[in-house]
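# Working through the structure, step by step
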Amino acid sequence: PFLENVIAHPIFKAGQATTTLIDTTPELFTFKPRRDRATKLLNFLGHVTVNGNPHAKGFRPEKIFLPALPPKVETPVAAPDGTRQLLLKLGAKKFAEWTLKQKRLLVTDTTFRDAHQSLMATRVRSYDMLATATAVARRAPDLYSLELWGGATFDTAMRFLSEDPWERLRQLRARVPNICFQMLFRGANAVGYTNYPDHIVAGFVKHAAANGMDIFRIFDSLNYLPNLRVAMESVQDTHAVCEAAICYTGDILDERRDKFTLQYYVRLAKELEKMGAHVLAIKDMAGLCRPYAAQKLVKALKDEVGLPIHFHTHDTSGIASASVLRAADAGVDIVDLALASMSGSTSQPNLNSIVAALQHTPRDTKLDLGALNEFSDYWEQVREFYRPFDTAPKTGSAEVYLHEMPGGQYTNLKEQAVSMGVSHRWPEIARTYAEVNALFGDIVKVTPSSKVVGDMALFLFSKGIKPADVVNLPAGETPFPESVIDMLSGGLGWPEGGWPADVSRAVLGEKRHKEATEKYKASLKKAKASAKSEKSDGSGDLKKLRAELAEKLKHEPSDDELYSHLMYPAVFADFAKQQREYGDVSVLPTPAFFYGLKPGEEINVEIEEGKTLIIRLVSIGAPDKDGRRALSFELNGMAREAFIADKS
Ligand code: PYR
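None of these values were measured; they are calculated from a predicted model.

Scanning the protein from terminus to terminus reveals 28 helices and 12 strands. Along the longest, intermediate and shortest principal axes, the C-alpha atoms of the protein span 85 × 65 × 55 Å. For the protein, the proportion of contacts with a sequence separation of at least 24, taken over those separated by at least 6, is 73%. As displayed, the protein has an accessible area near 27,700 Å², and 54% of this comes from carbon and sulfur atoms. With 81 positive and 81 negative side-chain charges, the protein shows a spacing of 2 Å between the two charge centroids.

Take the pairing of strand 8 (residues 334-337) next. Burial of the side chains of strand 8 extends over both faces: Ile-334 and Asp-336 are buried on one face and Val-335 and Leu-337 on the other. Bridge count between strand 1 (residues 106-109) and strand 8: 4 bridges; the pairing is parallel. Residue pairing for strand 8: Thr-108 is matched across the bridge by Asp-336. With 2 bridges connecting them, strand 7 (residues 309-312) and strand 8 associate as parallel partners. Residue pairing in the sheet places His-310 in a bridge with Ile-334 of strand 8. Assessed by its sense of winding, the connection that carries the chain from strand 7 through helix 15 (residues 320-329) to strand 8 is right-handed.

With respect to topology, 8 strands assemble into a closed barrel ordered 1-2-3-4-5-6-7-8, the strand pairing being parallel. Across this sheet, the average inter-strand angle for adjacent strands is 30°, counted without regard to direction. Relative to strand 4 (residues 215-218), strand 3 (residues 180-185) runs parallel, the two sharing 4 bridges. The residue bridging Gln-182 from the neighbouring strand is Ile-215, located in strand 4. Running at roughly 60° to strand 2 (residues 145-150), helix 7 (residues 111-119) makes contact with strand 1, strand 2, strand 3 and strand 7 of the sheet.

This brings us to the sheet that holds strand 11 (residues 628-635). Read across the open sheet, the 4 strands follow the order 9-10-11-12; overall the sheet is antiparallel. Edge positions in the open sheet fall to strand 9 (602-608) and strand 12 (638-645), since each of these has one partner strand only. For this sheet the average axis-to-axis angle between neighbouring strands, irrespective of direction, equals 35°. Across 5 bridges, strand 10 (residues 611-620) lies against strand 11 in antiparallel orientation. What sits directly across from Ile-620, in strand 11, is Leu-631. In the packing of helix 4 (residues 37-51) onto the sheet, contacts are made with strand 9, strand 10, strand 11 and strand 12, and the angle to strand 12 comes to roughly 50°.

Around the ligand sit Arg-113, Gln-117, Gly-151, Ala-152, Leu-184, Arg-186, Phe-219, Lys-283, Val-446 and Thr-447, and those are all the residues in its vicinity. Contact between the ligand and Thr-447: an oxygen atom at 3.3 Å from a side-chain N or O atom of the residue. The fraction of the free accessible surface of the ligand (220 Å²) that becomes covered by protein chains is 95%. The residue makeup of the shell around the ligand, split by class, is 4 nonpolar, 3 polar and 3 charged.

Let us look at the confidence of the model for the protein. Averaged over all residues, the pLDDT of the protein equals 93, while 93% of them reach at least 70. Among the scores for the predicted complex, ipTM is 0.95 and pTM is 0.92.

Looking now at the nonpolar core. Ranked by size, the top nonpolar core spans 157 residues in total, and within it Trp-149, Phe-185, Phe-204, Phe-216, Leu-301 and Ile-615 carry the most contacts. The next biggest cluster of nonpolar side chains, apart from the first, holds 39 residues, and it includes Tyr-410, Ala-430, Val-484 and Val-507.

Moving on to the side chain of His-403. As for its placement among the helices and strands, His-403 is situated in helix 18 (residues 400-403). By relative accessible area, His-403 is classed as buried at 1%.

The subject of this paragraph is the pattern of salt bridges. Under the definition given, this model contains 37 salt bridges. Across the pair Arg-139 and Glu-374 runs a salt bridge, and its minimum N-O distance is 3.0 Å. Taken together, the positions of Arg-139 in helix 8 (residues 126-139) and Glu-374 in helix 17 (residues 369-385) put the pair 235 residues apart, joining distant regions of the chain. By relative accessible area, which is 23% here, Glu-374 ends up partly exposed. With a shortest N-O distance of 3.0 Å, Glu-510 and Arg-505 are connected by a salt bridge. The partly exposed category is assigned to Arg-505, whose relative accessible area is 32%.

Where helix 9 (residues 153-161) meets helix 10 (residues 165-175), the closest approach of the two axes is 8 Å, and the angle between their N-to-C directions is 110°. When the axes of helix 9 and helix 10 are compared, the pair comes out roughly perpendicular. Counting all contacts with helix 9, which are made through Thr-153, Phe-154, Ala-157, Met-158 and Leu-161, the residues of helix 10 involved are Pro-165, Trp-166 and Arg-168. Split by residue class, the contact of helix 9 with helix 10 holds 6 nonpolar, 1 polar and 1 charged.

This part takes up helix 5 (residues 83-90). Residue pairs three or four apart in sequence face the same way in an α-helix, which turns once every 3.6 residues. Every buried residue of helix 5 is listed here: Thr-83, Arg-84 and Leu-87. Summarising the axial view, the buried residues of helix 5 lie within an arc of 105°, below the 170-degree limit, and thus occupy one face. Where the residues of helix 5 are buried, they touch helix 6 (92-101), helix 10, strand 3 and strand 5 (241-247). At the exit of helix 5 stands Gly-91, carrying a positive phi of roughly 85°.

We now examine the packing of aromatic side chains. Applying the stated criterion across every chain yields a total of 31 aromatic pairs. On the numbers, 5.4 Å between centres and 75° between planes, the contact of Tyr-410 with Trp-426 is edge-to-face. Pair noted here: Tyr-410 is in helix 19 (residues 407-419) and Trp-426 is in helix 20 (residues 426-439), with a separation of 16 residues, a long-range link. Trp-426 carries the same exposure label as Tyr-410, and that label is buried. Over the ring of Tyr-193 we find Arg-186; its NZ or CZ atom is 4.8 Å from the centre of that ring.

Let us look at the pairing of strand 2. Along strand 2, 6 of the 6 residues are buried, which leaves the element largely enclosed by surrounding structure. Here strand 1 pairs with strand 2 via 2 bridges, running parallel. Bridging from a neighbouring strand, Thr-108 pairs with Ser-145 of strand 2.

Moving on: the environment of Gln-416. With respect to the helices and strands, Gln-416 occurs in helix 19. Gln-416 gets classed as partly exposed once you look at its relative accessible area, which sits at 33%. Between the C-alpha atom of Gln-416 and that of Ile-215, which follows or precedes it by 201 residues, the distance is 33 Å.

Another aspect to go through is the state of the cysteines. Scanning the entire structure with this criterion turns up 0 disulfides. Take Cys-247: it sits in no disulfide, and the sulfur closest to it among the cysteines is that of Cys-289, at 12 Å. We classify Cys-289 as buried; its relative accessible area is 2%.

Analysis parameters
Residues numbered from 1 in each chain as written. Predicted model: local features only at pLDDT ≥ 70, side-chain atom pairs only at ≥ 80, totals over all residues. Heavy atoms only, no water. Helix = DSSP H or I, 4+ residues; strand = E, 2+ residues; numbered from the N terminus. Contact = heavy atoms within 4.5 Å. Areas by Shrake-Rupley, 256 points an atom, 1.4 Å probe, with all protein chains shown as cover. Lys, Arg positive; Asp, Glu negative; His and termini not counted. Charge placed at Lys NZ, Arg CZ, Asp CG, Glu CD. Buried < 20%, exposed > 50% of the residue type's maximum accessible area, 1.4 Å probe, protein only. Pairing = 2+ DSSP bridges. Right-handed = clockwise from strand over helix to strand, strands pointing away. Axes fitted to C-alpha atoms, helices over the stretch in contact; angles between N-to-C directions. Near = heavy atom within 4 Å. Polar contact = N/O pair within 3.5 Å; in protein donor to acceptor, adjacent residues only side chain to side chain. Nonpolar A, V, L, I, M, F, W, Y, C, P; charged D, E, K, R; others polar. pLDDT = per-residue confidence, 0-100. Core = buried A, V, L, I, M, F, W, Y, C linked by side-chain atoms within 4.5 Å. Salt bridge = Lys/Arg side-chain N within 4 Å of Asp/Glu carboxyl O. Parallel < 35°, antiparallel > 145°, perpendicular 65-115°, else oblique. Arc of directions from axis to C-beta. Phe/Tyr/Trp six-rings, centres within 6.5 Å; stacked < 30°, edge-to-face > 60°. Lys NZ or Arg CZ within 6 Å of the ring centre and 35° of its normal. Disulfide = S-S within 2.5 Å.

Take a look at the structure:
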């Protein structure tokens, strides 16, 4: 440490050190305690063991979890080439043509992203994905893609798991060199909840593609297409596939619902084709696309649009597999499915069973069912670790056709109801959600518009205001949630036909309502006038933002840090602090991360390739007079202690 201090000293650095430096510079003898990685991890484990992980909702399991056994890999067999090599060889356009020519039904496995976003509030850690990733690359190389990033994963990785989302992407890429990686991208909202300036969206896309992302599914939460343009063009500037989505809501078979008709979706799809999409996604985020509607929609789109079609749905109703099979019959090219033990309910339909259903038929997926079943066995064990978050409904329910809530929102809103102490009134809340949708003029509901509907529903519910009565409230005088005010002011873009005037007036007040109406009219003109976005390069602004962040971090930020900060400034700041304090906690096994260790429990922690710590908790001491407990550990057989303030 003394030499480190000398070397780090400004006088030494400036090459002006003489032998008197030591005598004249007493601070050289103050040593920062060396907090190596192991010490930091022991402190983290100590804190969680004594006080619980603040993100584990107070759940303290009695048992010691056995590690989940990852699926077998026949080493050293290298991963065979897959869609990633094909994409890199052909380029996105030709890759899309290849996609179109495949007879087999192509499959995206959503286990690493939407499945856990929709079942377990997006809590699955990199650790559990990495443990099976090598097997996936070798034993399911015929998957079309792995959806593993974007959506809510970016935020929750930092916020609840103390993990760097960029590291997750790179580590998975290193283990899966052969299957295309796919992410969900919220158009102008990127991976956040608000609209970002064009150059931030463009910079984010470029950085993600450079770190291994291959397919970007881009959507807008109101199907407001101008919001897709910058992201779509940015993806087109990389090697990656630009998959543009139409978000599906309503029911095209119901003639009384004349807003979201077959013609509406076909028109959007044609627009997206013109905007340069390589692939078209049907994003049925709530699982509303019933089997015969799926068939009709896919057939119409296959007839009218020349792009490969990728069908995404959720099994909230319990019959989404039927929709997948009908879509397959109608010629859909790719479908999203989740491994058996991570499927069903608000997640995607069952990948393993669909593979089995299509065996020996013209749309046989050619995937290895035995391997998929082993993967599913692995996730069945892993899912146990996430019990406190695993709150999805146990069975399918036709209630979804009433409330139209996205799979990813359902468990979240229910959690909010629990925290407000009104979970027993869930059916009323679900009904209020549906009524708020009607109040807003029947809109597409997906992040972030779905969150606004949820915010409004909880607000009205807690105030005892009926949604239908909102238009009778004095204009602009009720303290509606900020998200509602922003959305009706055009902050997210515009729904088909704009917002209902009476609702806009009641929420915004007369003056702001008039301004919003003008803004809406201008947007209609602009949408017609501009064929291409007028994307500024924004490099000056990024430079400034970078400098501001450098000031905060006290070092030059990397691109990872810059984009994490730009998306979630407060969350990123907390995450960076946590990292300084405890280091990289993503290396810990999941039960240890959430629940700490029990006396006698031992874990292996690989802190880098080939460097493993064996950590054993020996005992937990009684609190001393200051309320601190001494925890005795063995670290690779050597005794170590950590002193932890007991706040429990
Ligand atoms: C998301 O934006 O996170 C969705 O899953 C729709």
